[in-house]
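Remarks on the overall topology
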Amino acid sequence: MHDKDESPSLLKRAGTEKLREVFQKYASIQKNGEHYMTSEDFVRKFLGLFSESAFNDESVRLLANIADTSKDGLISFSEFQAFEGLLCTPDALYRTAFQLFDRKGNGTVSYADFADVVQKTELHSKIPFSLDGPFIKRYFGDKKQRLINYAEFTQLLHDFHEEHAMEAFRSKDPAGTGFISPLDFQDIIVNVKRHLLTPGVRDNLVSVTEGHKVSFPYFIAFTSLLNNMELIKQVYLHATEGSRTDMITKDQILLAAQTMSQITPLEIDILFHLAGAVHQAGRIDYSDLSNIAPEHYTKHMTHRLAEIKAVESPADRSAFIQVLESSYRFTLGSFAGAVGATVVYPIDLVKTRMQNQRAGSYIGEVAYRNSWDCFKKVVRHEGFMGLYRGLLPQLMGVAPEKAIKLTVNDLVRDKLTDKKGNIPTWAEVLAGGCAGASQVVFTNPLEIVKIRLQVAGEIATGSKIRAWSVVRELGLFGLYKGARACLLRDVPFSAIYFPTYAHTKAMMADKDGYNHPLTLLAAGAIAGVPAASLVTPADVIKTRLQVVARSGQTTYTGVWDATKKIMAEEGPRAFWKGTAARVFRSSPQFGVTLVTYELLQRLFYVDFGGTQPKGSEAHKITTPLEQAAASVTTENLDHIGGYRAAVPLLAGVESKFGLYLPRFGRGVAAATPSTATGS
């Protein structure tokens, strides 16, 4: 599984031989015994971009030139390998953009290089930028002969869009009044700041002005806010001490902004105005900020084995789709439950043997001094496979049991979650309780058969007890013996476990709210400790009710009868027998089960229009390149090493710097004027 925290700076280089094998697979040109890739080989066939038949030639050549450092129109293996290495560097995004503008491959950008690329972008075709103005002369000199190195280029690229926005404002305000109309404001923002807009913000650009003319200070504050949304998120987290669900007021975020950044009160006013326009709320939480700020290429790259979009939008969620979603969760939950149960089954057997060991009512010495002694004696007398006695019926039952628990918990949480993705604690507890109650249908028959098989090894008889014989002996109603105790254990367990897991997982997420698989495992294991230990008395009572009493042992007629007799004969400590074994079994089992369940949802991703597990990577399609990449539903296994980041990085050049290149050419009527040379 490759689902891990991988920004390009953490990508591991590909091996030379494997990279050469991939290169030769796509290289269509051979000269003097050497293989070469053409622009189309690299961009369209290898990267999978610009797959349309009427693609823009010039855009494809521009992107290929990033790797073609010799600028001869062909990409050699050494150039292919060098670009793979560049993609693994921490500043790969800026270096990729630099090589896009370094048209001659000499490590500098001239005025002609810069102007040539800018004039080919969609933005310049819609709102032309003065390439002869004072901004350009400040960077390239009055005669435009100064060459810009990489470090200087990064600042130029940063300042260029701010200057473009101000120049656009001046063009819409020829009289110099300091105001533009709401529609002109919308036109500028949609074109110049397109890469910073989410659909919610874009659709409310006019309404946020309330029909009034937009002043220059408001315009600058608005663009500054869009640029600083990642900083705003940090201000929010500072104000809420790390919580992503706390609703905070304007005064709270103003106070936090004063102590840690230079964000102005006007920007905060616009932020709350925007949040109100999008969600009609007087307070904001982290989800409001995420809805205002688009996700960029630096989000975590989850390698999905399958990706299916069941509905176009949440509004299309029919009852049938919701049934499909529950079936999908049930299937993944079954597999996850089986994995978790198999991993910890030996611990479960030891726990059962310890809980069934009685003092005071049976003549003879105790069989096991402690859990470790029990483990050793099982292996010595019954063999290693004795630790897995009763595993088969456990797996047959645990798959639907865990599946229904996970499915019901998710279902109830979905119903009680508000539109912003928040759920109150009482609702989390209720969802967990419902999940625990629903599982008893499967749990009780499973547990009673499993327990009788597990304790069978303690009796030295020649006959071997099998699961089916236990089922026939008990009958349908007998399989639900001890169901009240089962409910007494499973309802509070799940009511404690699932809310604890959700909050622990959120605490262990990184600054972007993402959970690495190891944090999921840790959160699942940690949540199991209080849940498993606190319900041990109910588990002891359930075990005593479900095990067949041997000659001379006390028998019980029900939960209350068992409670009184255990207290009278063995004292209060008996209720906590096997606590350690139960914690050591339940804690890792649920850790393994939950991490498997969530990773399966990431790997086999299906968008039903509902909620996804929090902390999983939520890939937002915001640019044409990302849309092109998303059209391929399976991972390209040839994208190895740094090339795993190639498509997200090229999308980042668009989404971070607004350098959108025309997608279409070759006689397409909608082609922009800048595509003429690519036709």
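Residues numbered from 1 in each chain as written. Predicted model: local features only at pLDDT ≥ 70, side-chain atom pairs only at ≥ 80, totals over all residues. Heavy atoms only, no water.

Time to look at the overall build of the chain. The secondary structure content of the chain amounts to 28 helices and 6 strands. A total accessible area of about 30,200 Å² is found for the chain, and carbon and sulfur atoms account for 60% of it. (Helix = DSSP H or I, 4+ residues; strand = E, 2+ residues; numbered from the N terminus. Areas by Shrake-Rupley, 256 points an atom, 1.4 Å probe, with all protein chains shown as cover.)

Another point: the packing of aromatic side chains. In total, this model carries 33 aromatic pairs according to the counting rule given. Ring pairs connect the aromatic residues Phe98, Phe101, Tyr111, Phe114, Phe129, Phe135, Tyr139, Phe140, Tyr150, Phe153 and Phe160, which therefore count as one cluster. The cationic tip of Arg95 hangs over the ring face of Tyr150; the distance from NZ or CZ to the ring centre is 4.2 Å. (Phe/Tyr/Trp six-rings, centres within 6.5 Å; stacked < 30°, edge-to-face > 60°. Lys NZ or Arg CZ within 6 Å of the ring centre and 35° of its normal.)

Membership of the largest hydrophobic core comes to 63 residues, with the highest contact counts inside it found for Phe42, Phe80 and Phe101. Apart from residues lying up to four places away in sequence, Phe42 is in contact with Met37, Leu47, Leu63, Ala64, Ala67, Ile75, Phe80, Phe83 and Tyr643. (Core = buried A, V, L, I, M, F, W, Y, C linked by side-chain atoms within 4.5 Å. Buried < 20%, exposed > 50% of the residue type's maximum accessible area, 1.4 Å probe, protein only. Contact = heavy atoms within 4.5 Å.)

Phi angles above zero are rare outside glycine, and Lys71 is one such case at about 55°. One can find Lys71 in the loop between helix H3 (57–67) and helix H4 (77–86). One non-glycine residue, Lys144, lies in positive phi territory at about 55°. Within the fold, Lys144 resides in the loop between helix H8 (134–140) and helix H9 (150–172).

Below, the discussion takes up empty space enclosed by the protein. Applying the stated rule across the entire model yields 4 cavities of 30 Å³ or more. Volume-wise, the second largest cavity comes out at about 90 Å³. Around the second largest cavity sit 11 residues that line it, and Leu63, Val653, Glu654, Leu659 and Leu661 are the ones nearest its centre. When contributions to the lining of the second largest cavity are tallied by element, the ones reaching two or more residues are H3, helix H5 (92–101) and helix H28 (646–657). A per-element tally of the lining of the second largest cavity places H28 first, with 3 residues. The residue makeup of the lining of the second largest cavity, split by class, is 9 nonpolar, 1 polar and 1 charged. (1 Å grid on protein atoms, 1.4 Å probe; cavity = no way out; pocket = protein on both sides within 12 Å on 5 of 7 lines; lining within 4 Å. Points joined across faces, edges and corners; volume = space filled by probe spheres on them. Nonpolar A, V, L, I, M, F, W, Y, C, P; charged D, E, K, R; others polar.)

Under the UniProt annotation, the feature "domain: EF-hand" (unreviewed entry) is placed at residues 89–124 and 160–195. For residues 89–124, the end-to-end C-alpha separation is 30 Å, with 64% helix and 0% strand making up the annotated structure. Across residues 160–195, the secondary structure splits into 67% helix and 6% strand, with the terminal C-alpha atoms separated by 14 Å. (UniProt positions renumbered as here; feature names shortened; annotations may be inferred.)

Moving on, we come to the environment of Lys18. Topologically, Lys18 is positioned in helix H1 (residues 16–26). Overall, the relative accessible area of 44% leaves Lys18 in the partly exposed class. It is 9.3 Å that separates the C-alpha atoms of Lys18 and Asp638, two residues lying 620 residues apart in sequence.

Let us now look at the side chain of Thr579. Considering the arrangement of structural elements, one finds Thr579 in helix H26 (residues 579–603). On the accessibility criterion, Thr579 (18% relative accessible area) is buried. There is a polar contact of 2.5 Å between the side chain of Thr579 and the backbone oxygen of Trp576. Once residues within four sequence positions are removed from consideration, Thr579 is found in contact with Ser533 and Thr536. (Polar contact = N/O pair within 3.5 Å; in protein donor to acceptor, adjacent residues only side chain to side chain.)

Once that is clear, we can look at a nonpolar patch on the surface. Together, Val441, Phe442 and Tyr480 make up a nonpolar patch on the protein surface, roughly 240 Å² of accessible area in all. Along the chain, the position of Phe442 falls in helix H20 (residues 425–456). The exposure class assigned to Phe442 is partly exposed, which follows from its relative accessible area of 30%. (Patch = residues over 30% accessible without salt bridge, like charges linked within 9 Å, V, L, I, M, F, W, Y side chains within 5 Å. Salt bridge = Lys/Arg side-chain N within 4 Å of Asp/Glu carboxyl O.)

Let us look at the side chain of Lys505. Looking at the secondary structure, you find Lys505 in helix H22 (residues 483–508). When sequence neighbours within four positions are dropped, the list of residues in contact with Lys505 reads Asn515, Leu520, Ala523, Glu598, Pro613 and Lys614.

Now for the pattern of salt bridges. If you walk through the whole model with that rule in mind, you get 27 salt bridges. For Arg170, the salt bridge goes to Glu163, with nearest N and O atoms at 3.4 Å. For Arg170, a relative accessible area of 47% puts it in the partly exposed group. Put simply, Arg489 and Asp490 hold a salt bridge, and the shortest N to O gap is 2.8 Å. A relative accessible area of 5% places Asp490 in the buried class.

As a packed pair, H9 and helix H12 (residues 216–227) sit with axes 11 Å apart at the nearest point and diverge in direction by 155°. Our classification of the angle between H9 and H12 gives roughly antiparallel. For the crossing formed where H9 meets H12, the hand is right-handed. Two secondary-structure elements touch here, H9 through Glu162, Ala165, Met166 and Phe169 and H12 through Phe216, Phe219, Ile220 and Asn227. Classifying every residue of the contact of H9 with H12 gives 6 nonpolar, 1 polar and 1 charged. (Axes fitted to C-alpha atoms, helices over the stretch in contact; angles between N-to-C directions. Parallel < 35°, antiparallel > 145°, perpendicular 65-115°, else oblique. Left-handed = near helix turned anticlockwise from the far one by under 90°.)

Take the packing of helix H13 (residues 229–239) against helix H14 (residues 250–260) next. Where H13 meets H14, the axes come as close as 9 Å, and the angle between the chain directions of the two elements is 110°. Accordingly, the angle class assigned to the pair H13 and H14 is roughly perpendicular. Contact with H13, carried on its side by Gln234, Val235, Tyr236, His238 and Ala239, involves Gln252, Ile253, Ala256, Ala257, Thr259 and Met260 of H14 and no other residues of that element. In the contact of H13 with H14, the residues fall into 7 nonpolar, 4 polar and no charged.

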